Every structure is written in structure tokens, then in C-alpha cells.
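Residue strings, one per chain:
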Amino acid sequence: METFINQPKHIPFFLKLGILISERITGKTMLPARILAWYPKAAIGSGIMEALVAHEDGQMNQRMLKLIRMTASHAAACPFCIDMNSYEHRQHGITDEEAEALRGDIDAVTTFSEREKLAIVYTRVISQTPLKFQPDLVERVKSAFTEREFVILASTAAQVNYWARLIQALGIPPAGFGSE
């Protein structure tokens with residue numbers, strides 16, 4: 001599968017350095033960063049956003065954040081995002097059955113906590129177009145999460161949605177994270 005456009009033949013040094021670091025960390029060719037090199041401002045802005053993403057903060061632990069990222073990836077139907085964000089889900093305490101449930105019926109498994117279910121449902125709402133927030137759902141999220149956690153939940157889901165839209169708009173195929 002080819003991207004809609006090819007990466008530039010000449011990538012500015014400062015971007016090339018960042019791309020090489022991200023590729024060393026992931027062990028994959030990072031086509032999103034390479035394609036964004038056509039417009040360095042977009043590459044830098046996207047890189048900064050990625051560098052500042054929440055990794056763990058209080059009760060917003062790695063499992064919760066992974067569930068949010070995986071849910072947003074499925075909701076946006078982004079193959080690259082699903083591949084990248086589902087990779088190593090077991091290392092974050094997410095079972096294969098739970099991972100599968102994120103594609104559809106989360107009530108099909110009994111191992112999600114009530115907070116996790118609420119985060120999954122809210123992430124699905126954040127990932128819909130058009131956005132339709134039901135007041136009772138917002139109130140339930142507000143009562144289950146602190147203000148800080150609410151922002152982490154919303155910004156994490158929004159970040160995945162940003163990448164999903166951008167990656168799909170550029171025709172970038174999965175990088176093969178799950179093929180190890």
C-alpha cells in the first residue's frame with residue numbers, strides 16, 4: 001500500500017534528526033513524520049503535541065490511557081492508529097478479550113472497571129462526527145474523574161483523532177507494529 005504522496009527527497013536536518021530518533025525508539029519507519037516533512041511547521045507542531053502527550057498521571061495510568069488510545073483508534077477506523085495504539089496492549093494489562101471488546105460491545109467482558117467503561121464511552125463520543133455530548137454522560141464523567149483527569153481523557157482522545165484524520169488524509173498504511 002502506497003501513501004497518497006511520496007516523502008520529500010530532501011528532509012531538513014533538524015526534522016531528519018527527530019525522525020531518526022522516533023524511528024530508533026519505535027523500530028519502524030515513521031511515514032507520518034517523513035510525509036509531514038513537506039511542511040516543516042506541521043511536522044514540528046505535530047511532534048511537539050506528541051512529545052507532550054500524557055503517559056501516566058495519577059489514576060490515569062498506562063492501562064487507562066492505552067484503553068483511551070485504542071478506543072479512539074477503532075472509533076476513527078484508522079488502520080495505522082489501531083496498529084500502533086494496540087501494540088503491546090498486554091503489557092499494559094489489557095487482555096485480548098478486552099482489546100476485542102473495544103471494537104464493539106464493552107459489556108461483553110466483565111473486567112473493565114466502571115471508570116474504564118465511562119472513559120471508553122466518552123472517548124467514543126469524542127471520536128464521533130458530529131460531536132453530541134449528552135448532559136447525563138458529561139455529568140457521570142465529571143463525577144468519576146477529577147478536572148485534571150477529565151482534560152487528560154479528552155486531550156488523549158482528541159490527539160488520537162488528530163493523528164487518525166491526518167494519517168488517513170495522507171493515505172499512510174499501518175507501520176506493522178502488531179506483526180512482531
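Placed above this text is the structure.
Residues numbered from 1 in each chain as written. Predicted model: local features only at pLDDT ≥ 70, side-chain atom pairs only at ≥ 80, totals over all residues. Heavy atoms only, no water.

Draft legend 1. A look at helix 9 (residues 147-169). Over its 23 residues, helix 9 runs 33 Å from end to end, which matches the ideal 33 Å to within 8%, given 1.5 Å per residue. Among the residues of helix 9, those classed as buried are Glu149, Phe150, Ile152, Leu153, Thr156, Ala157, Gln159, Val160, Asn161, Trp163, Ala164 and Ile167. At the C-terminal side of helix 9, glycine 171 shows a positive phi close to 70 degrees. (Helix = DSSP H or I, 4+ residues; strand = E, 2+ residues; numbered from the N terminus. Expected span 1.5 Å × (residues − 1). Buried < 20%, exposed > 50% of the residue type's maximum accessible area, 1.4 Å probe, protein only.)

Draft legend 2. Expanded view of the packing of helix 4 (residues 62-75) against helix 7 (residues 114-126). The contact between helix 4 and helix 7 brings their axes to 9 Å, and the two run at 30 degrees. Regarding the angle of helix 4 to helix 7, the classification is roughly parallel. For helix 4 against helix 7, the interelement crossing comes out right-handed. Of helix 7, the residues touching helix 4 (which contributes Arg63, Met64, Leu67, Ile68, Thr71 and Ala72) are Arg115, Glu116, Ala119, Ile120, Thr123 and Arg124. Of the residues belonging to the contact of helix 4 with helix 7, the class tally is six nonpolar, two polar and four charged. (Axes fitted to C-alpha atoms, helices over the stretch in contact; angles between N-to-C directions. Parallel < 35°, antiparallel > 145°, perpendicular 65-115°, else oblique. Left-handed = near helix turned anticlockwise from the far one by under 90°. Contact = heavy atoms within 4.5 Å. Nonpolar A, V, L, I, M, F, W, Y, C, P; charged D, E, K, R; others polar.)

Draft legend 3. Up close: the nonpolar core. Formed by 18 residues in total, the largest nonpolar core has its most connected members in Cys78, Phe80, Ile167 and Ile172. At the level of elements, helix 1 (13-26), helix 2 (31-36), helix 5 (79-86) and helix 9 are the ones that each hand at least two residues to this core. If one sorts the elements of this core by residue count, helix 9 sits on top with three residues. Sequence-distant contacts of phenylalanine 80, that is, excluding residues within four places in its chain, are made with Met30, Pro32, Ile167, Ile172, Pro173, Pro174 and Ala175. Counting 17 residues, the second largest nonpolar core, distinct from the first, contains Met60, Leu65, Val141 and Phe150. (Core = buried A, V, L, I, M, F, W, Y, C linked by side-chain atoms within 4.5 Å.)

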